[in-house]
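# Survey of secondary and tertiary structure
The lines below spell out each chain.
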Amino acid sequence: MAAAVQIRTDYTSDELRRHGVKADQTRRLLAVAVILDGGSRSDAAKTEGVGLHVIRDWVMRSNTGGPEALKTR
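This write-up is about the structure you can find in this document.

## Some remarks on the overall build of the chain
Within the chain, the secondary structure is distributed over 4 helices and 0 strands. Each helix and strand of the chain, placed in order from N terminus to C terminus, yields the pattern α-α-α-α. For the chain, the C-alpha radius of gyration of 11 Å lies close to 11 Å, the compact-globule estimate for 73 residues. Overall, the C-alpha framework of the chain stretches about 35 × 25 × 25 Å when taken along its three principal axes. Contacts spanning at least 24 positions in sequence make up 53% of the contacts within the chain whose residues lie at least 6 apart. With an accessible surface of roughly 4,600 Å², the chain has 53% of that area assigned to carbon and sulfur atoms.

This is how it looks when you write it as structure tokens:
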């Protein structure tokens, strides 16, 4: 099993939720917020109806560029 990707913590889950209210990246922000609140990546995947690989990609994008990196490209 591969090691879990670490998640950046300079944004709180509440900040991500507030940011997501006005943005097109809401699903992605909410998934990352689930993890920041102590939920598992599996919980985040179930919440947003995606697979674990997608959650991994979202976490990596968030780590690289913060909430802005989660906007639809």
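## Some words on the pattern of salt bridges
If the charged atoms of two oppositely charged side chains come close together, the side chains can form a pair. In the structure shown here, the tally under the stated rule is 4 salt bridges. Put simply, Arg56 and Asp57 hold a salt bridge, and the shortest N to O gap is 3.6 Å.

Cut-offs applied
Residue numbers run consecutively from 1 along every chain, following the written order of its sequence. In keeping with the predicted nature of the model, local features appear solely for residues at pLDDT of at least 70, side-chain atom pairs appear and are counted solely at 80 or more, and the whole-chain, interface and lining totals rest on all residues. In computing side-chain values, all of the structure's heavy atoms are included and hydrogens and water are not. For helices the rule is a DSSP run of H or I covering at least 4 residues; for strands it is a run of E covering at least 2, with both sets numbered from the N terminus onward. A radius of gyration in this sense is built from C-alpha atoms; the matching globule rule multiplies 2.2 Å by the number of residues raised to 0.38. In what follows, residue pairs with any heavy atoms lying within 4.5 Å of each other are defined as contacts. Only the protein chains shown count as cover for residues, and the accessible areas themselves come from Shrake-Rupley with a 1.4 Å probe. Between Lys or Arg on one side and Asp or Glu on the other, a salt bridge is scored when a side-chain nitrogen of the former is within 4 Å of a carboxyl oxygen of the latter.

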